[in-house]
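Survey of secondary and tertiary structure
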Amino acid sequence: MFKYLVRRMASLVPVIIMISILLFSLVKIMPGDPIKGMINPNIKDPVLYQETYKRIEAQFGMDKSLPEQYIRWVGRTVSGDLGYSTKYNKPVIDVIAKPMKNTVVLNLISFVISFVISIFVGIYSAVKRGGWFDKIWQVISLVGMSLPVVLIGLMLIYIFAGKLKWFPSSGAGAGQGKVGLAYALDWLNSMALPIFAITIGSFASIIRYVRNAMIDVLSSDYIRTARAKGLSNKVVIYSHAFRNALIPVVTIVAGSLAGLFSGAAITESIFSIDGIGKILVEAVTNRDFMMVLALNMFFASLSLIANIIMDIGYALVDPRVKLD
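Residues numbered from 1 in each chain as written. Predicted model: local features only at pLDDT ≥ 70, side-chain atom pairs only at ≥ 80, totals over all residues. Heavy atoms only, no water.

1. What to know about the overall build of the protein
Secondary structure summary: the protein contains 13 helices and two strands in total. Dimensions along the principal axes, computed over C-alpha positions, put the protein at roughly 90 × 55 × 35 Å. Expressed as a percentage of contacts within the protein between residues at least 6 apart in sequence, the contacts between residues at least 24 apart total 70%. Between the centroid of the 32 positive side chains of the protein and the centroid of its 19 negative side chains there is a distance of 11 Å. (Helix = DSSP H or I, 4+ residues; strand = E, 2+ residues; numbered from the N terminus. Contact = heavy atoms within 4.5 Å. Lys, Arg positive; Asp, Glu negative; His and termini not counted. Charge placed at Lys NZ, Arg CZ, Asp CG, Glu CD.)

See the structure below:
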């Protein structure tokens, strides 16, 4: 396993280089001048303005050729320096530290909850195909897939924050001023509705994949043979059917991991959460190029890691697949 991971990580190096060149080129051809956004708007003297422009341009190496700028950017990124945010006037790493933590924890909690619900409901729906449980969850999953995240978020705010007053309508300031257990409880209370919104959008589609995969497997000849041999229903479902049904599900679940993070911007905007999705949208609209580069590289790297997780998942659920 370790050798496989080392080989896969090494194979990603040229891919990451290609992605970084593409992203760097796209950012450089975007309209707008980031240096102008860093100059004090109170400077009206054209000579002083030009001197300030030249000083900032030299300070951030923007007076160099594009290849040299790219090499400098890669070198700084590898050493942990993600550049300087022109919108926040401070290093990118300082801007995204807390939002990154919020987004990662928020999405991982939603991912685990939606995965557990999807597996349980998908299996039971397939086993009880056509029954009331299956029909109810078919409707719920269809509704969840059809509703946009914006509408789900607004409905949750109206019901649970506006009418019932169980949770706050905003995730802003979650856990602020608290430490330890008090911080965790306040954070979870503030993030309950965003987690609920992301979970609904995620499990609605995965349930259908798990159910359909289980139905295909349960109708296979080897399952009928297992039943004919007198094996219990639990053994047939969990020891024979479920493991084979997981193969297509692994693809969907691993793919959705990256999708959760990249699609978090809408949820974070609705609930006013200080997350990287919201910051990315603001960075694009404000032409904060170093921030755009850093966050897009994060999303690209996450997608590549999801592919590795997918391959490992195949090997874990299907002994015929070898990690070599």
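2. Brief notes about the layout of surface pockets
Within this model, the largest pocket holds a volume of roughly 380 Å³. What lines the largest pocket is a set of 16 residues, among which I16, W73, T77, M297 and S301 lie closest to the centre. Contributions of two or more residues to the lining of the largest pocket are made by helix 1 (2–29), helix 4 (66–78), helix 5 (92–127) and helix 13 (289–317). Along the lines of polarity and charge, the residues of the lining of the largest pocket split into 13 nonpolar, three polar and no charged. (1 Å grid on protein atoms, 1.4 Å probe; cavity = no way out; pocket = protein on both sides within 12 Å on 5 of 7 lines; lining within 4 Å. Points joined across faces, edges and corners; volume = space filled by probe spheres on them. Nonpolar A, V, L, I, M, F, W, Y, C, P; charged D, E, K, R; others polar.)

3. Considerations on the packing of helix 7 (residues 149–163) against helix 8 (residues 180–218)
In a packed pair of helices, the relevant descriptors are the angle between the two axes and the axis-to-axis distance. Their axes nearest at 10 Å, the elements helix 7 and helix 8 cross at an angle of 140 degrees. One element, helix 7, and the other, helix 8, form an angle in the oblique class. Considering the relative orientation of helix 7 and helix 8, their crossing is right-handed. For the pair helix 7 and helix 8, the contacting residues are I152, L156, I157, F160 and A161 in the first and L193, F196, A197 and I200 in the second. Of the residues contributing to the contact of helix 7 with helix 8, the split by class is nine nonpolar, no polar and no charged. (Axes fitted to C-alpha atoms, helices over the stretch in contact; angles between N-to-C directions. Parallel < 35°, antiparallel > 145°, perpendicular 65-115°, else oblique. Left-handed = near helix turned anticlockwise from the far one by under 90°.)

4. Brief notes about the pattern of salt bridges
Summed over the entire model, instances satisfying the criterion amount to three salt bridges. Two residues, R72 and E68, come together in a salt bridge whose shortest N-O distance is 3.5 Å. In this pair, R72 and E68 both sit in helix 4, four residues apart, roughly one turn of the helix. Residue classification places R72 among the partly exposed residues on the basis of a relative accessible area of 37%. Note that D221 is salt-bridged to R224, the shortest N-O span being 2.4 Å. On the criterion of helical spacing, the pair formed by D221 and R224 is a turn pair, its members being three residues apart in helix 9 (residues 221–228). (Salt bridge = Lys/Arg side-chain N within 4 Å of Asp/Glu carboxyl O. Buried < 20%, exposed > 50% of the residue type's maximum accessible area, 1.4 Å probe, protein only.)

5. Things to note about helix 5
The terminal C-alpha atoms of helix 5 lie 50 Å apart, and with 36 residues this matches the ideal 52 Å at 1.5 Å per residue to within 8%. The largest bend in helix 5 amounts to roughly 30 degrees and is located at K98, with the proline P99 lying one to four residues further along. (Expected span 1.5 Å × (residues − 1). Bend = angle between axes of the 7 residues up to and from the residue.)

6. Some words on the packing of aromatic side chains
Each aromatic ring pair is specified by the distance between its two centres and by the angle formed by the two planes. Scanning all chains against the criterion turns up twelve aromatic pairs. Their ring planes at 15 degrees and their centres at 6.5 Å tell us that F111 and F115 sit as a pair that is stacked. You can see F111 and its partner F115 sitting in helix 5, four residues apart, about one turn around the helix. Of the residues examined, F111 reaches a relative accessible area of 16% and is grouped as buried. (Phe/Tyr/Trp six-rings, centres within 6.5 Å; stacked < 30°, edge-to-face > 60°.)

7. Re the side chain of S114
Relative to the helices and strands, S114 resides in helix 5. If near-sequence neighbours (up to four positions away) are discounted, S114 is found in contact with T199, S202 and F203.

Geometry only, nothing functional implied.
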